[in-house]
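# Structure at a glance
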Amino acid sequence: MNEIQFPGNLLREMREAAPLVQCITNYVAMNIAANVLLAAGASPAMVHAEEEAGEFAGFAGALTVNIGTASPQWIAGMKAAVGGATAARRPWVLDPVAHFATAYRRRATAELLALAPTVIRGNASEIISLAGGTSSAKGVDSRDPVELAEKAANELAERQACVVAVTGATDFVTDGRSAVRLSGGSALMPKVTALGCSLTCLVGAYVAIRPEDPLSATVAALAHFAVAGERAAAGSDGPGSFGWRFVDTLAALTPEALDGEARIERL
Ligand SMILES: Nc1ncnc2c1ncn2[C@@H]1O[C@H](COP(=O)(O)OP(=O)(O)O)[C@@H](O)[C@H]1O
Ligand SMILES: Cc1ncsc1CCOP(=O)(O)O
Ligand SMILES: [Mg+2]
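Everything numeric in this text was worked out from a predicted model, so none of it was measured.

### Focus: the UniProt feature "binding site: substrate" (unreviewed entry) in the protein chain
Residues annotated by UniProt as "binding site: substrate" (unreviewed entry) correspond here to Met46 and Ala194. Tracing the sequence through the fold places methionine 46 in the loop between strand E2 (43-45) and helix H3 (50-57). Classification of methionine 46 as partly exposed rests on a relative accessible area of 23%. Not counting chain neighbours up to four residues away, the residues in contact with methionine 46 comprise Cys23, Thr25, Met30, Ala33 and Ala34. As for its placement among the helices and strands, alanine 194 is situated in the loop between strand E8 (179-183) and helix H8 (195-209). Every residue in contact with alanine 194, bar those within four places of it in the chain, is listed here: Val28, Ala29 and Ile32.

As structure tokens, then:
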């Protein structure tokens, strides 16, 4: 299997480079995702208008696309941005939020998948149904364990020739040949809205510095979240205090602590 790089090295490089990440995310996520990227060490820009999204993607380090509150104008901006990123050979990350919920979301997701994302990041219900399986979820929250999504993730990664990350109580990352399981985080994380969307944007920050190794980049982003989540939960009374402690902890985490505390199992 390919060697997975230590996340601490990638965190150090990411902070030094402070990559510009174009995030086309949803109305719920825009503010927290920008704060998460700033705390982690990247430079977020929420740019989605069709008139400028492709041009911007030509000089951003990476692009992230999230369909959480998409509408026709936003989808047009996403396609323009992906066109610009592809022309400039920049990586892009897809977050198919609740793509199974309506015909409109299914169509938009199929169109974006055809544009060949570098990484897909979703929760277990999203990945299971993206691979063609059936999930009982109806909205943005997962109703399936990650273990049930691992086979689906491998199939999807092979079919799309991309990296697939499934997140939940544990995380699973695969490129269809090599796979990794991560543990850590906190049960408070899904109680704060848009942390998954923010993680997708952070994957963008890491793939911006390792476009040739999106598997290691994705693992590093997930490890950064898992270690910060576990640390932040220790001093939190509930989702509210966890949310701001988590942002502080993302910023305070050193590369050495990340390597020391990350629990990454190579499969
Ligand atoms: N029960 C849990 N225990 C630990 N970490 C969790 C748990 N649920 C989610 N996470 C973490 O929360 C982050 C967001 O993942 P998730 O909730 O699956 O995404 P989404 O918000 O898209 O559904 C990830 O870092 C994931 O590892
Ligand atoms: C609540 C909600 N509704 C539409 S998008 C969104 C945010 C979903 O965020 P996440 O997928 O990170 O839980
Ligand atoms: Mg999500």
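### Topic: the UniProt feature "binding site: ATP" (unreviewed entry) in the protein chain
Here, UniProt's "binding site: ATP" (unreviewed entry) annotation points to Arg121 and Thr167. Judged by maximum C-alpha separation, these annotated positions cover 47 residues in sequence but sit close together in space, the widest gap being only 7.6 Å. When you line up the elements, arginine 121 lands in strand E5 (residues 119-123). If we ignore the near neighbours within four places in the chain, the residues touching arginine 121 are Leu94, Asp95, Pro96, Ala165, Thr167, Gly196, Cys197, Leu199 and Thr200. There is a polar contact of 2.7 Å between the side chain of arginine 121 and the side chain of threonine 167. Counting through the fold element by element, threonine 167 comes out in strand E6 (residues 163-167). For threonine 167, a relative accessible area of 12% puts it in the buried group. Setting aside residues no more than four positions away along its own chain, threonine 167 makes contact with Arg121, Gly122, Asn123, Ala124, Val146, Leu199 and Leu222.

### Let's talk about the pattern of salt bridges
With the rule as written, the count across this model stands at 10 salt bridges. Of the charged contacts, one joins glutamate 111 and lysine 79 as a salt bridge, the two residues approaching to 2.6 Å between their closest N and O atoms. Here the residue glutamate 111 occupies a position in helix H5 (residues 103-113), and lysine 79 occupies one in helix H4 (residues 72-87), the gap between them amounting to 32 residues. Residue lysine 79 is classed as partly exposed on the basis of its relative accessible area, which comes to 36%. Among the ionic pairs, glutamate 155 bridges to lysine 151, the shortest N-O distance being 3.2 Å. Highlighted residues: glutamate 155 and lysine 151, both in helix H7 (residues 146-160), separated by 4 residues, approximately one helical turn. On the basis of relative accessibility, which here comes to 61%, the residue lysine 151 falls in the exposed class.

### Details of the site of ligand 1
Around ligand 1, 16 residues are found, and the nearest of them are Arg121, Asn123, Thr167, Asp171 and Ser186. Serine 186 places a main-chain nitrogen or oxygen 3.3 Å from a nitrogen atom of ligand 1. Here glycine 196 contributes a backbone N or O atom positioned 3.4 Å from an oxygen atom of ligand 1. Elements represented by at least two residues in the shell around ligand 1 include exactly E5 and H8. A class-by-class count of the residues in the shell around ligand 1 yields 7 nonpolar, 7 polar and 2 charged.

### As for the packing of aromatic side chains
Following the criterion strictly, the structure yields 4 aromatic pairs and no others. A ring pair is formed by phenylalanine 225 and phenylalanine 246, whose centres lie 4.8 Å apart and whose planes are at 85°; its orientation type is edge-to-face. Pair noted here: phenylalanine 225 is in helix H9 (residues 214-234) and phenylalanine 246 is in helix H10 (residues 239-252), with a separation of 21 residues, a long-range link. Each member of the pair, phenylalanine 225 as well as phenylalanine 246, carries the same accessibility label: buried. Taking 5.6 Å as the distance between ring centres and 15° as the angle between the ring planes, the aromatic pair formed by phenylalanine 242 and phenylalanine 246 counts as stacked. Taken together, the residues span about one helical turn, with phenylalanine 242 and phenylalanine 246 both in helix H10 at a distance of 4 residues. Both residues of the pair, phenylalanine 242 and phenylalanine 246, count as buried.

### A few points about the site of ligand 2
Taken together, Asn26, Val28, Gly68, Thr69, Val140, Thr193, Ala194, Leu195, Gly196 and Cys197 make up all the residues around ligand 2. With respect to ligand 2, the backbone of alanine 194 contributes an N or O atom lying 3.5 Å from an oxygen atom. In this structure, an oxygen atom belonging to ligand 2 sits 2.9 Å away from a main-chain N or O atom of cysteine 197. Across the shell around ligand 2, the residue classes break down as 5 nonpolar, 5 polar and no charged.

How each quantity is defined
- Residues numbered from 1 in each chain as written.
- Chains lettered and ligands numbered in written order.
- Predicted model: local features only at pLDDT ≥ 70, side-chain atom pairs only at ≥ 80, totals over all residues.
- Heavy atoms only, no water.
- UniProt positions renumbered as here; feature names shortened; annotations may be inferred.
- Helix = DSSP H or I, 4+ residues; strand = E, 2+ residues; numbered from the N terminus.
- Buried < 20%, exposed > 50% of the residue type's maximum accessible area, 1.4 Å probe, protein only.
- Contact = heavy atoms within 4.5 Å.
- Polar contact = N/O pair within 3.5 Å; in protein donor to acceptor, adjacent residues only side chain to side chain.
- Salt bridge = Lys/Arg side-chain N within 4 Å of Asp/Glu carboxyl O.
- Near = heavy atom within 4 Å.
- Nonpolar A, V, L, I, M, F, W, Y, C, P; charged D, E, K, R; others polar.
- Phe/Tyr/Trp six-rings, centres within 6.5 Å; stacked < 30°, edge-to-face > 60°.

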